[in-house]
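Analysis of the macromolecular model
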Amino acid sequence: MKGSREFSSLFWRLDLEKGEIEGGITVQRRLSDLRGCFADASAYAVALAQGDPVIYTVSTVEPARGPGQLHGALGIIMPGRVGAEYYLTRGHLHAWRPAAEVYLGLRGQGVMLLEDEVTGESEMVPLLPHSAIYVPGCTAHRTINTGDEPLVYLGIYPAEAGHDYEAIAKRNFRQVVVAVNGKPTLLDRAAFLATLGDNR
Ligand code: S6P
Ligand code: ZN
């Protein structure tokens, strides 16, 4: 295998301030890229009318392709909210459904919202420094910054995993993570939307 890849891709220097892996490919996601991700469409429209901030960036390294190889991505999600919903990633299933993933919390405070594609069951798992989350295969995953500083994490996944955004974009996640009395709370999306109806 020696010589078949860049030496630099064997050593990943992580910049936790910028959220970048040295030599990685970085993409930015702005509020306008997240249409349909926040349950509260009115709050989303109000936020977008005020500006189009970068919500998160992802910096990816792909040392090698093919069976058995691993890829990595450093994500940084800004702190903030759209209405009661914390800033979040689009969320996806892996195109190759059995692909699992491990997330390491590096900075800030957040959670992952995991949704089993088969049973529909959801779980909110803390994403914190000095801890890791195992995301099983066939599980939609979304990362959410529930703190007041940038949330930085490293995801490691099979090179063959790929992204399927469409399946989740069609119906969104069944549950939302919202601030209730200042605390991150997992609620059924329909129940959350019903509370908005009462208050408007
Ligand atoms: C890739 C891994 C992460 C996400 C990143 C952004 O399998 O789960 O690198 O791509 O957290 O999320 P999303 O949903 O916009 O790809
Ligand atoms: Zn993933």
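Our subject is the structure that appears above.
Structure report, in brief.

What counts, and where the lines are drawn
Residues numbered from 1 in each chain as written. Chains lettered and ligands numbered in written order. Predicted model: local features only at pLDDT ≥ 70, side-chain atom pairs only at ≥ 80, totals over all residues. Heavy atoms only, no water. Donors = N, O, S within 2.8 Å, 3.2 Å for Na, K, Ca; no water. Tetrahedral: all angles 85-135°; square planar, octahedral: opposite > 155°, others 65-115°. Core = buried A, V, L, I, M, F, W, Y, C linked by side-chain atoms within 4.5 Å. Buried < 20%, exposed > 50% of the residue type's maximum accessible area, 1.4 Å probe, protein only. Helix = DSSP H or I, 4+ residues; strand = E, 2+ residues; numbered from the N terminus. Contact = heavy atoms within 4.5 Å. Phe/Tyr/Trp six-rings, centres within 6.5 Å; stacked < 30°, edge-to-face > 60°. Lys NZ or Arg CZ within 6 Å of the ring centre and 35° of its normal. Pairing = 2+ DSSP bridges. Axes fitted to C-alpha atoms, helices over the stretch in contact; angles between N-to-C directions.

We now examine the coordination of the zinc ion (ligand 2). Within the first shell, the zinc ion (ligand 2) binds the protein through His 92 (NE2), His 94 (NE2), Glu 101 (OE) and His 141 (NE2), at distances of 2.1 to 2.3 Å. Angles of 74 to 173° at the metal separate the six donor atoms of the zinc ion (ligand 2), which places the site in the octahedral class. On the primary sequence, the residues serving as donors to the zinc ion (ligand 2) are separated as H-x1-H-x6-E-x39-H.

Moving on, we get to the nonpolar core. One broad rule of soluble globular proteins: the nonpolar side chains tend to lie buried together. Among the nonpolar cores identified, the biggest contains 37 residues, and Phe 38 and Val 82 are the most heavily contacted of them. Examining the composition of this core, we find that four residues originate from one element, strand β9 (residues 110–116), more than from any other. What Val 82 contacts, discounting residues up to four positions off in sequence, is Leu 31, Phe 38, Ala 43, Tyr 44, Ala 47 and Tyr 87. Membership of the second largest hydrophobic core comes to six residues, among which are Val 61, Ile 76, Val 152 and Leu 154.

Quick look at the packing of aromatic side chains now. Enumeration according to the criterion identifies two aromatic pairs in this entry. Look at Phe 38 and Tyr 44: their rings are 6.1 Å apart centre to centre, the planes differ by 25°, and that puts the pair in the stacked class. Comparing Phe 38 with Tyr 44 shows no difference in burial state: the two are buried. Each ring, one from Tyr 103 and one from Tyr 153, has its centre 5.2 Å from the other, and the planes form 20°; the classification is stacked. Linking Tyr 103 in strand β8 (residues 101–107) with Tyr 153 in strand β13 (residues 151–158), this pair joins segments that are 50 residues apart in sequence. The burial state of Tyr 103 is the same as that of Tyr 153; both residues are buried. When the ring centre of Tyr 165 is taken as origin, the NZ or CZ atom of Arg 90, which lies over that ring, is 3.8 Å away.

Here we come to the sheet that holds strand β12 (residues 139–145). Either a parallel or an antiparallel arrangement is found when strands of a sheet pair, and the pairing is made through backbone hydrogen bonds. In spatial order, the strands read β10-β9-β12; together these three strands make up an open sheet with antiparallel pairing. In the strand order of this sheet, the two ends are held by β10 (122–127) and β12, each with one partner. The sheet shows a mean angle of 20° between the axes of neighbouring strands, direction not considered.

Limitation: the analysis is restricted to geometry and does not speak to function.
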